[in-house]
Amino acid sequence: MSPPLDVEKECIPHFPSLRSGYLFADNAGGSQCCQEVINRITDYLINSNVQLGAEYSVSVTATKRTLVDAPRTTAALINAASEEEISFGSSSTMLAENLARGLEPGIAENDEFVVSYGDHETNVGPWIRLASRKNAKVIPWIPRIAPTASSSNPFAVELVISDLENLITSRTRLVSFTACSNILGAWTNPKKVIEAVRRLCTEKAAAKVEVVVDCVAYAPHRRIDVQDRDVDYCFFSYYKAYGPHTSILYTRKTSLESSITSLAHYFLKTLKLQPGGIGYELTYSTTGVYPYLLSLSTPGAQDESTALNTSFDRIAIHEQTIMQPLINYLLDKWDKGVRIVGPESWSKDVRAPTISFVIVDADGKTKKLGSAEVVRRFDAKGKIGIRYGHFYSHRLLELLGMDPDDGVIRISLVHYNTIQDVKLLISVLEEVLGV
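The model shown is predicted, which means the values in this text are computed figures rather than measured ones.

Trainee: Can you help me understand empty space enclosed by the protein in this one?
Mentor: Rolling a probe over the atoms, with the probe sized like a water molecule, indicates the empty space that remains. With the rule as written, the count across this model stands at three cavities of 30 Å³ or more. Here the largest cavity defines a volume of roughly 80 Å³. Taken together, 13 residues form the lining of the largest cavity, with L77, A219, R222, F236 and F312 sitting closest to its centre. At the level of elements, α3 (57-78) and α10 (289-295) are the ones that each hand at least two residues to the lining of the largest cavity. For the lining of the largest cavity, a count of residues per class yields eleven nonpolar, no polar and two charged.

This is how it looks when you write it as structure tokens:
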């Protein structure tokens, strides 16, 4: 078994912003950027800030960095078969919309899209709009209290895989879902979901079904392995996974060839889902995330992929360690009206350390203390960053009967957070709750 992460020695020195002493607990909205990425942005702008595709030496370097090194490194990170399967863009929202546009010519009237409503709007809106344009049909996959749940908490919901039995039909063309909800924090288990989708589509004789997975809230915490999960399309934002403000879209090569109509200029034969220029220095700088994550492994791995898996195993164990006291504290304040939104568990096998909650009245649903007010009291303390709101999962909060504008209180941690951070968060919660 690998030794636990020594966060003070192995992680924090890689993040210059953490030297300020600020407690960053809004990481699901954007993580801090590691030094390896910062160095590459500076290096690119100083040494290769020219147009791509020319034959002079600096342009050759710039082209290799942007169009070869960056997609190749991302392919290694997510275990894609080829760098040709990687597209870059300014945001996951833009990439998902590009994907919908690329798929559009192949969508037929009355096709059905099974769409999770536990997602950020990035992986909902494009499919609703595409269905509207093509007279297709959206079948919502609604989060609910799991059959195994023992709590009376009405907000302890998740996506239940067995519900797909009644959602997939012979007309199903697309299934979209999140690998981890940015509010619920629950793992959806992409491998099991996709296995269920493939089985059900075979049983119900669906002619062609492809799967889109939103990995934005998943990527900071667990390794994405597109081949192991049998993914057709997925995307994530590097700026939530220790990198710059840019995002990537994975498209399986067979889908790229058979399902996607190019959005690029007609005379370009590659980059079908990457129309126009990308931020060169940001794209190249993403290559810094990979060596940072590898540095968290332990000696003796037989290859980089195995080492990367070890890094994420160590991250998972540490995240469980810092989740446990916070989740237990929130559960202990049931009588104060605290209700976790999502699984009431601190197990690394159940959830990420993206922890949302509300404070309700005696009826168990009406808010006793608004989420905005709770965060305002945190803000008054200074040097602590948490957040409230709907976090673009507007439909989910409407389903839960909440005002999305006030939404939930969210404390979102990652592996560079510490037990000391959690103790400070709990101490402020003690004041807020009037304990």
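Trainee: I tried to follow the layout of surface pockets on my own but got confused; where do I start?
Mentor: When its volume is computed, the largest pocket comes out at roughly 870 Å³. What lines the largest pocket is a set of 33 residues, among which W187, N189, K348, D349 and V350 lie closest to the centre. Elements represented by at least two residues in the lining of the largest pocket include exactly α6 (190-203), α7 (226-229) and α11 (304-332). Broken down by element, the residue count for the lining of the largest pocket peaks at five residues, all from α11. When the residues that make up the lining of the largest pocket are grouped by side-chain class, the tally is 16 nonpolar, six polar and eleven charged. Its volume calculated, the second largest pocket comes out at about 680 Å³.

Trainee: I would appreciate a short explanation of the environment of A146 in the present structure.
Mentor: The topology assignment puts A146 in the loop between β5 (144-145) and β6 (157-158). Remark: the alpha-carbon pair of A146 and V213, spanning 67 residues in sequence, is separated by 21 Å. For A146, the contacting residues outside a window of four places in its chain are A156, E158 and V160.

Trainee: Hey, could you run me through helix α4 (residues 92-103) in this one?
Mentor: Think of an α-helix as 3.6 residues a turn; residues three or four steps apart then line up on the same face. For α4, with twelve residues, the first-to-last C-alpha span of 16 Å sits near the 16 Å given by 1.5 Å per residue. In terms of burial, α4 is largely enclosed, as nine of its twelve residues are buried. Looking at α4, one finds that the buried residues are S92, L95, A96, E97, N98, L99, A100, G102 and L103. On its buried side, α4 packs onto β2 (86-89), α5 (125-134), β7 (172-178), β8 (210-214), β9 (233-237) and β10 (247-251).

Trainee: How do you make sense of α3 when you look at a structure like this?
Mentor: With 22 residues, α3 extends 31 Å between its outermost C-alpha atoms, agreeing within 8% with the 32 Å of an ideal straight helix rising 1.5 Å per residue. At R65, α3 is bent by approximately 35°, the largest bend along its length. S59, A62, R65, T66, D69, A70, P71, T73, T74, A75, L77 and I78 are the residues of α3 that are buried.

Trainee: Quick question: what am I supposed to make of the packing of α11 against helix α14 (residues 419-432) here?
Mentor: To describe two helices that pack against each other, one gives the angle between their axes and the distance between the axes. Running from N to C, α11 and α14 cross one another at 15°; their axes reach a closest spacing of 9 Å. With respect to their mutual orientation, α11 and α14 come out roughly parallel. You can see that α11 and α14 cross each other, and the crossing is right-handed. Between α11 and α14, the residues in contact are T321, I322, P325, L326, Y329 and L330 and I419, V422, I426, L429 and E430, respectively. Grouping the amino acids of the contact of α11 with α14 by side-chain chemistry returns nine nonpolar, one polar and one charged.

Trainee: Quick question: what am I supposed to make of the sheet that holds β2 here?
Mentor: The strands that make up a sheet pair up through hydrogen bonds in the backbone, lying either parallel or antiparallel. The seven strands are arranged β2-β10-β9-β8-β7-β3-β4 in an open sheet whose pairing can be described as mixed. Each edge of the open sheet is held by one strand with a lone partner, namely β2 and β4 (137-141). Across the sheet, the axes of successive neighbouring strands diverge by a mean angle of 15°, strand direction being ignored. Sheet analysis places strand β3 (residues 112-116) next to β7, joined by four bridges and oriented parallel. What sits directly across from E112, in β7, is T172.

Trainee: So what exactly am I meant to see when it comes to the pairing of β10 here?
Mentor: The two faces of the sheet receive side chains in turn, since in a regular strand these alternate between them. Burial of β10 is extensive: five of the five residues sit out of reach of the surface. Of the two faces of β10, both are covered, the one formed by S247, L249 and T251 as well as the one formed by I248 and Y250. The pairing of β2 with β10 spans four bridges and is antiparallel. Looking at the pairing, F88 lines up with I248 of β10.

Trainee: When you look at the packing of α4 against α5 in this model, what are you seeing that I'm missing?
Mentor: Where α4 meets α5, the closest approach of the two axes is 9 Å, and the angle between their N-to-C directions is 25°. One finds that α4 runs roughly parallel with respect to α5. The interaxial crossing formed by α4 with α5 has right-handed handedness. For the pair formed by α4 and α5, the contact residues are A96, E97, L99, A100, R101 and L103 on the first element and P126, W127, R129, L130 and R133 on the second. By residue class, the composition of the contact of α4 with α5 is seven nonpolar, no polar and four charged.

Trainee: Is there a simple way to think about the packing of aromatic side chains in this case?
Mentor: We describe a pair of aromatic rings using the distance from one ring centre to the other and the angle between the two ring planes. All chains considered together, the criterion is met by eleven aromatic pairs. For the pair W187 and Y218, a centre-to-centre distance of 5.4 Å together with 75° between the ring planes defines the contact as edge-to-face. Of this pair, W187 sits in the loop between β7 and α6 while Y218 sits in the loop between β8 and α7; the two residues are 31 residues apart in sequence, bridging distant segments of the chain. The same class applies to W187 as to Y218, namely buried. Between Y266 and F267, the aromatic rings sit 5.3 Å apart at their centres with planes inclined by 85°, giving edge-to-face as the arrangement. Ring pairs connect the aromatic residues F15, Y242, Y292 and Y416, which therefore count as one cluster. Residue placement shows R339 over the ring face of W334; its charged tip is 3.4 Å from the ring centre. The residue whose ring lies beneath R410 is F391, and the NZ or CZ to ring-centre distance is 3.7 Å.

Each value, and the rule that gives it
- Residues numbered from 1 in each chain as written.
- Predicted model: local features only at pLDDT ≥ 70, side-chain atom pairs only at ≥ 80, totals over all residues.
- Heavy atoms only, no water.
- 1 Å grid on protein atoms, 1.4 Å probe; cavity = no way out; pocket = protein on both sides within 12 Å on 5 of 7 lines; lining within 4 Å.
- Points joined across faces, edges and corners; volume = space filled by probe spheres on them.
- Helix = DSSP H or I, 4+ residues; strand = E, 2+ residues; numbered from the N terminus.
- Nonpolar A, V, L, I, M, F, W, Y, C, P; charged D, E, K, R; others polar.
- Contact = heavy atoms within 4.5 Å.
- Expected span 1.5 Å × (residues − 1).
- Buried < 20%, exposed > 50% of the residue type's maximum accessible area, 1.4 Å probe, protein only.
- Bend = angle between axes of the 7 residues up to and from the residue.
- Axes fitted to C-alpha atoms, helices over the stretch in contact; angles between N-to-C directions.
- Parallel < 35°, antiparallel > 145°, perpendicular 65-115°, else oblique.
- Left-handed = near helix turned anticlockwise from the far one by under 90°.
- Pairing = 2+ DSSP bridges.
- Phe/Tyr/Trp six-rings, centres within 6.5 Å; stacked < 30°, edge-to-face > 60°.
- Lys NZ or Arg CZ within 6 Å of the ring centre and 35° of its normal.

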